[in-house]
Amino acid sequence: MEQEIASLLKSLGLTLAIAESATGGRISDAITSVAGSSDYFLGAVVAYHNRVKAQLLRVPEKTLQEHGAVSGETAEAMAKGVRDLLGTDIGLSSTGIAGPTGATSQKPVGLVFLGISSDRGTRSQRFVFQGSREENKESFAKAALALLKEELEDWKIQGS
């Protein structure tokens, strides 16, 4: 999938930045596994702590307080924030609960929100996976790559 993403980004002439929390750098690792990824991948921020989300990515404190770090609103703010910070065409983000701790009655282990932002808009998707911490982190990263690929394919169909 990384190679397909690379081809799409290159053919569309788009750049990418990633803000990761729950995935801890796995999405960026997958993107940079393709030779020549520096042509379209500018960088990433692993914003594990809320202070980094707020100060570096400009996630509003109100968003973190009202919706929490693990929310669609935060994922969207992270995606937009990293896009603005690094000046890219697309921002991609992940925020979730890999487990085995950190769950609440409303937010179970395996919950992740993925955000994507471009000049075409900003949106998020919610997923819940069942697995160990490592399995969840891997599932989160794969889902993020699938979301990015879907967005790029749509971009190609619709035209930039």
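Residues numbered from 1 in each chain as written. Predicted model: local features only at pLDDT ≥ 70, side-chain atom pairs only at ≥ 80, totals over all residues. Heavy atoms only, no water.

1. Digging into the nonpolar core
Defined as follows: Each nonpolar core is a collection of buried residues, namely Ala, Val, Leu, Ile, Met, Phe, Trp, Tyr and Cys, held together in the definition by side-chain atoms within 4.5 Å. Summary of the burial criterion: residues with accessible area below 20% of their type's maximum are buried, those above 50% are exposed, and those between are partly exposed, where the area comes from a 1.4 Å probe applied to protein chains only. Counting from the N terminus, the helices are the DSSP runs of H or I reaching at least four residues and the strands are the DSSP runs of E reaching at least two.
Of all hydrophobic cores here, the largest spans 29 residues; its most connected members are Leu9, Leu16, Ile31, Ile90, Leu92, Leu148 and Leu152. For this core, the element with the highest residue contribution is helix H6 (residues 133-158), accounting for 9 residues. Listed in part, the 12 residues of the second largest apolar core include Ala17, Leu57, Val59 and Ala77.

2. Digging into the sheet that holds strand E4 (residues 111-118)
Heads up, the condition is: Pairing between strands requires that DSSP locate at least two bridges from one strand to the other. For helices, the fitted axis covers only the stretch in contact; all axes are lines through C-alpha atoms, and the angles between them, taken along N-to-C directions, range from 0 to 180 degrees. The criterion used for residue contact is that any of the two residues' heavy atoms lie within 4.5 Å.
Spatial strand order, E2-E1-E3-E4-E5: 5 strands in an open sheet with mixed pairing. Lying at the two open borders of the sheet, with one neighbouring strand each, are strand E2 (41-46) and strand E5 (121-128). Taking each pair of neighbouring strands and ignoring which way they run, the sheet shows an average axis angle of 15°. Strand direction decides the pairing type here: strand E3 (residues 90-96) and E4, joined by 6 bridges, are antiparallel. Across the sheet, residue leucine 92 finds its bridge partner in E4, namely isoleucine 116. This element, helix H5 (residues 72-86), spans strand E1 (16-20), E2, E3, E4 and E5 of the sheet and lies at about 140° to E3.

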